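# Fold and geometry: a report
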Amino acid sequence: MNIAQIEVNLQNLITNFTNDTFIYELLLAYGLPRASITRLQKGNLNLSKIEGEISWKKKLFFKPVFNQDLHLAITEIKNTLKQDQRFVIVTDFKTLLAIDTKTTDSLDIDFTALPKHFDFFLPWAGMEKATHQNENPADVKAAEKMAKLFDEIKKDNPENSPEFIHGLNVFLSRLLFCFFAEDTGIYKLGQFTNAIASHTQTDGNDLNQYLNKLFDILNTHESKRTNLPIYLNEFPYVNGGLFQYNHPTPTFTRRSRQAIIDAGELNWSAINPDIFGSMFQAVISPEHRGGLGAHYTSVPNIMKVIEPLFLNELKEEFETAKGNIKKLTALLGRLQNIKIFDPACGSGNFLIIAYKELRRLEIVILNELNILKGKSGSGSLDFGSDFLSNITLNNFYGIEIDDFAYEVAKLALWLAEHQMNQDFFKAFGKTNPTLPLKDAGQITKGNATRLDWEAVCPKNEGDEIYILGNPPYLGFRNWDKTQKEDMDFVFKDLGNVLRLDYIACWFKKASDYIEKFNSKFSFVSTSSICQGEQVSLIWPYVLSKNLEIFFAYKPFDWENNAKDKAGVTCVIVGLQNINRAIKHIYTKHTRMIVEKIGPYLNQGSDVIMEQRTKAISFFSEMALGSSGIDGGYLMLSVDEKTNFILNNENSKKFIKPFLSGGDFLNGIERFCIWINDEDIDEALQIKDISDRIVKCKTYRQSAGRDAQKAASVPHRFFYRKYKEDTSILIPRTSSGRRKYLPCGFIDKGNIISNQAFVVYDFENYLFSILSSRIHCVWMEITSGKMRHDYSYSVNLTYNTFPFPGITESQKEELTQCVFRILEERENHSEKTLAQMYDPDKMPEGLREAHRLNDLAVERCYRSKPFESNEERLEYLFKLYEKMIVEEKEKGTLFQEEKKAKKSKA
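Here the structure is a predicted model, which means the values were calculated and not measured.

## Notes on the side chain of Glu 182
Of note, Glu 182 is situated in helix H6 (residues 162-183). Among buried Asp, Glu, Lys and Arg side chains, Glu 182 stands out as unpaired, with Lys 188 the closest opposite charge at 12 Å. A polar atom in the side chain of Glu 182 sits 2.4 Å from the side chain of Thr 193. When sequence neighbours within four positions are dropped, the list of residues in contact with Glu 182 reads Tyr 187, Lys 188, Leu 189, Gly 190, Gln 191, Phe 192, Thr 193 and Gly 264.

Structure representation (structure tokens):
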């Protein structure tokens, strides 16, 4: 059962039900077997003997409630469940309350609003809800405090040299360590903040001197300290490199000193060490941040990577091993052999969260073993003085190019270790010593695209290695010289792949690394790596390594708790060596189980679209519109066109309407000067036109290479794709919010710009196909996308779109659909197409015309309607593969016939 069908089922249910049958119809709406529902209604599946109640083991407890408070009733039921029912539902058929006992989610809605909350009961349909750890409010608050502190310090220290900014970043990391230390038992409670408040002037003039002295003391062993006041000597020796080097401490004022004290009053023991990432992004310059791709990744987004990559499997293994000492001990052994490797680690966010999750799982396993040994009479586990966690930071590897982030990553890992040691101590009464600090993690400073990853993270027998992270995203237009050289180095054996995103370097190197080894990888990536042209550039290589995608998150908007959120649409892709295990595709609400995931993050096929110069179906040629490269001198506004004609009536011959995709969608009227070669002498007699041509020539002579090519013919568009005929216009870009791609018939005499595509010599029913939902679904994966807007591709979308041969009667049916759509547009001619195709404001008549068009187009494929976009794509991919095979067979046959004729001759 797919989501679209479930929504329809719930809409029908709400408008047509009885109190007695409601719960059975609800279960059927999610595709549960009708035979089971019949047994629940009339047989022995219902374990409750109370009339009206339904108790179905592991599925449901349902009770109509009319004479009791619904909230009280559902609480009482939840506390007395005995059959592991997944959902508890109570209703008086005006309000509906429900509890998911697995996720603890709850629902409290008007009864009629049930269809809007279809996702709550999706586990009945086999689609488990995707749940993730929420943001830690303490992290967000701490980030805001650090950002405010930075702003105050910058007011007093306006210098912006790289050396000063680096020193300031180190200073902030030292502050953050001290805040953390005084709240987690490393220092005495409040020791650092109280010392500043008590021993420095309120105007801040001596604070930098005080902190310089304190930092020097923190780097000095107790045995080497002499003649110190007691309040300073009480600070412990820290070591670990954090306070090793002398960096100039900034100057302070009353406000910046107070900002430090205010920040220190937070409870820093509640933060996650990955707050370093947020602080790092908030502090460094925007240019620096963009160049390094240092997008701070929030905990929920990190969990989207590590849970399906390895953590879910480990937790499932633990659940299976419960009650079995041998299996639990083996699982502990497995944990100590796991290596985590982030080859673009930044300030260590992914490594930190992965480390903490593995340590937490270890504690849970040890607790279970302790209980089992107690039950068996063999005593509890031996937690002697030598007992330590077997999960060490030595198994956590990273590569980072920036020196400050490299230092911060090591410090943040140590803080994470300290936090987990505290949790370990609470559980078992023993843990590692806190001070002095030791180097944390195997972090290598360098360029991940140039380093040998096996030298950084060696692959030894028995290792289980997971590569993960959020590498930098940079389109080819944004590379600097070094990044271009990085791409050339990584892809030197693959030819010209210069239109790939920079993140492709990590996909290639990770694919090489895990091939034929007990290793998997998953990256947060820009969605472009799985759309349009880039798929054909990188994925054939990845799949040639006998790898497969085993989980994926479809495109989602990037969200994090950094000071400035990164504006990008992301995917998450996990790869492994091919095996038969089930795969998962995640969306915002669901997790789908599938057998295969393709590079477009589609289910069922790993076929890759190659660029084509001709349509695989029987469509007319589509081409890019005409391009001026004229500096605007061949373009005319409405007023300019009017003035031209007023000055010289003969101008009218050389002026044509001009349409870009944006003009078409937004109802904008523009014109252009269009002169055929044979008419140039006549056109030059008109002064307004002659002046424009001279200016166009001057512009082209001093512009780029393409413009210079056309400087000798300044009266002409650089690229001309125009016929004196009716055409179909398709906007080059279209909002991803639209359910349909708006296209239109354009009368002859209109020049279509290169911001749109044009089709001449067509049959009218082509409009129907281009306007259909199934064509738009194909566009969504084969065309490029920038944030929420699609950039339509002729070679990858139009020319690859598989459409079957159809009969004359089918062509006539599609043509009638075209007229219906145009008629509905005409009924709302006061609106622009952009307004009409806004999904929230689309006129109902136009929506219905498109629905009927969709049905007619899809009947050309098969008689049974498609029920979801996933089903549409699965069918299209199979048809595409079939058509490619047939095309190759025809080509082979043609070559054989040609060869035979030549031989006979």
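More follows now that the structure is in view.
## Quick word on unusual backbone geometry
A positive phi angle, close to 65 degrees, is found at Thr 104, a residue other than glycine. Looking at the secondary structure, you find Thr 104 in the loop between strand S4 (95-100) and strand S5 (106-110). Among the residues examined, Thr 104 registers a relative accessible area of 63% and is labelled exposed. Backbone geometry at Lys 516 places phi at a positive 60 degrees, although glycine is not the residue there. Summarising the element assignment, Lys 516 is placed in the loop between helix H19 (504-514) and strand S11 (519-526).

## Regarding the pairing of strand S2 (residues 60-64)
As paired strands, strand S1 (residues 54-56) and S2 are joined by three bridges and run antiparallel to one another. Looking across to S2, one finds that Ile 54 is bridged to Phe 62. Direction of pairing for S2 relative to strand S3 (residues 87-91): parallel, over a ladder of five bridges. Residue pairing for S3: Leu 60 is matched across the bridge by Phe 87. Regarding topology, helix H4 (residues 70-79) serves as the crossover connection from S2 to the parallel S3, and that connection is right-handed.

## A look at the pattern of salt bridges
Scanning the model with the defined rule gives 44 salt bridges in all. Between Lys 188 and Glu 234 there is a salt bridge, with its nearest N and O atoms 3.5 Å apart. Of this pair, Lys 188 sits in the loop between H6 and helix H7 (191-199) while Glu 234 sits in the loop between helix H9 (230-233) and helix H10 (254-264), and the two are 46 residues apart along the sequence. A salt bridge links Arg 359 to Glu 362; its shortest N-O distance comes to 3.6 Å. On the criterion of helical spacing, the pair formed by Arg 359 and Glu 362 is a turn pair, its members being three residues apart in helix H15 (residues 349-376). The same class applies to Arg 359 and to Glu 362, which are both buried.

## Some details on the packing of helix H21 (residues 638-647) against helix H24 (residues 687-702)
One can describe the packing of H21 onto H24 by two numbers: an axis separation of 9 Å at closest approach and a directional angle of 130 degrees. When the axes of H21 and H24 are compared, the pair comes out oblique. Contact residues: H21 offers Glu 640, Asn 643, Phe 644 and Asn 647, while H24 offers Asp 688, Ile 689 and Arg 692. Partitioned by chemical class, the residues of the contact of H21 with H24 number two nonpolar, two polar and three charged.

## Details of the sheet that holds S1
Reading across the sheet, the five strands line up as S1-S2-S3-S4-S5 and stay open at both edges, with mixed pairing between neighbours. Both outer strands of the open sheet, S1 and S5, are each paired with one neighbouring strand and no more. Averaged over all pairs of adjacent strands, the angle between their axes in this sheet comes to 10 degrees, without regard to strand direction.

## Some thoughts on the pairing of S5
Pairing of S4 with S5, which is carried by five bridges, proceeds in the antiparallel orientation. Counted as the bridge partner of Leu 97 is Asp 108 from S5.

## Some words on the packing of aromatic side chains
Scanning the entire structure with this criterion turns up 58 aromatic pairs. Aromatic side chains Phe 179 and Phe 192 sit 5.8 Å apart centroid to centroid with 70 degrees between the ring planes, which places their arrangement in the edge-to-face category. Here Phe 179, found in helix H6, pairs with Phe 192, found in helix H7; they are 13 residues apart in sequence, far enough to count as distant. Pair check on accessibility: Phe 179 and Phe 192 agree, each one buried. Across from the ring centre of Tyr 513, 4.8 Å away, lies the NZ or CZ of Lys 459, which sits over that ring. It is Lys 459 that lies over the ring of Phe 517; its NZ or CZ is 5.2 Å from the centre.

## Quick word on the side chain of Asp 854
Summarising the element assignment, Asp 854 is placed in helix H31 (residues 844-859). Despite its burial, Asp 854 pairs with no opposite charge, the nearest such side chain being Lys 739 at 5.4 Å. Within the structure, the side chain of Asp 854 is placed 2.8 Å from the backbone nitrogen of Arg 773, a separation counted as a polar contact. Among residues more than four places away in sequence, those in contact with Asp 854 are Tyr 740, Ser 772 and Arg 773.

## Notes on the packing of H6 against H10
Packing of H6 against H10 brings their axes to within 10 Å, and their N-to-C directions diverge by 40 degrees. Taken together, the axes of H6 and H10 lie oblique to each other. Contact with H6, carried on its side by Phe 171, Leu 175, Phe 179, Glu 182 and Asp 183, involves Ile 260, Ala 263 and Gly 264 of H10 and no other residues of that element. Residues of the contact of H6 with H10, tallied by class, amount to five nonpolar, one polar and two charged.

## Here's the deal with the nonpolar core
Tyr 30, Phe 310 and Trp 539 are the most contacted members of the largest nonpolar core, which has 226 residues in total. Per-element accounting of this core gives the leading share, 13 residues, to H15. Ignoring any residue separated from it by four or fewer positions in sequence, one finds Phe 310 in contact with Ile 340, Ala 354, Leu 358, Tyr 466 and Leu 468. Listed in part, the 46 residues of the second largest apolar core include Phe 164, Leu 176, Ala 181 and Tyr 187.

## What to know about the sheet that holds strand S16 (residues 622-624)
Here four strands make up an open sheet; going across it, the order is S16-S24-S20-S22 and the pairing antiparallel. A single partner strand is all that each edge strand has here, and the edge strands are S16 and strand S22 (744-746). Here the average twist between neighbouring strands, direction ignored, is 35 degrees. One ladder, built from three bridges, connects S16 with strand S24 (residues 756-759); its direction is antiparallel. In the sheet register, Met 622 faces S24, and the bridge partner there is Val 759.

## Some points on helix H3 (residues 34-42)
Among all positions of H3, only Ser 36, Ile 37 and Leu 40 are buried. Down the axis of H3, the buried set is contained in an arc of 100 degrees. They therefore lie on one face. For H3, the exposed residues lying more than 90 degrees away from the buried face are Arg 34, Ala 35 and Lys 42.

## Focus on the environment of Ile 109
Mapped onto the elements of the fold, Ile 109 is located in strand S5. For Ile 109, a relative accessible area of 9% puts it in the buried group. Along the backbone, Ile 109 and Thr 95 are 14 residues apart, and their C-alpha atoms lie at a distance of 5.8 Å. Setting aside residues up to four positions removed in sequence, Ile 109 forms contacts with Thr 95, Leu 96, Leu 114 and His 117.

The rules behind these values
Residues numbered from 1 in each chain as written. Predicted model: local features only at pLDDT ≥ 70, side-chain atom pairs only at ≥ 80, totals over all residues. Heavy atoms only, no water. Helix = DSSP H or I, 4+ residues; strand = E, 2+ residues; numbered from the N terminus. Buried < 20%, exposed > 50% of the residue type's maximum accessible area, 1.4 Å probe, protein only. Lys, Arg positive; Asp, Glu negative; His and termini not counted. Salt bridge = Lys/Arg side-chain N within 4 Å of Asp/Glu carboxyl O. Polar contact = N/O pair within 3.5 Å; in protein donor to acceptor, adjacent residues only side chain to side chain. Contact = heavy atoms within 4.5 Å. Pairing = 2+ DSSP bridges. Right-handed = clockwise from strand over helix to strand, strands pointing away. Axes fitted to C-alpha atoms, helices over the stretch in contact; angles between N-to-C directions. Parallel < 35°, antiparallel > 145°, perpendicular 65-115°, else oblique. Nonpolar A, V, L, I, M, F, W, Y, C, P; charged D, E, K, R; others polar. Phe/Tyr/Trp six-rings, centres within 6.5 Å; stacked < 30°, edge-to-face > 60°. Lys NZ or Arg CZ within 6 Å of the ring centre and 35° of its normal. Core = buried A, V, L, I, M, F, W, Y, C linked by side-chain atoms within 4.5 Å. Arc of directions from axis to C-beta.

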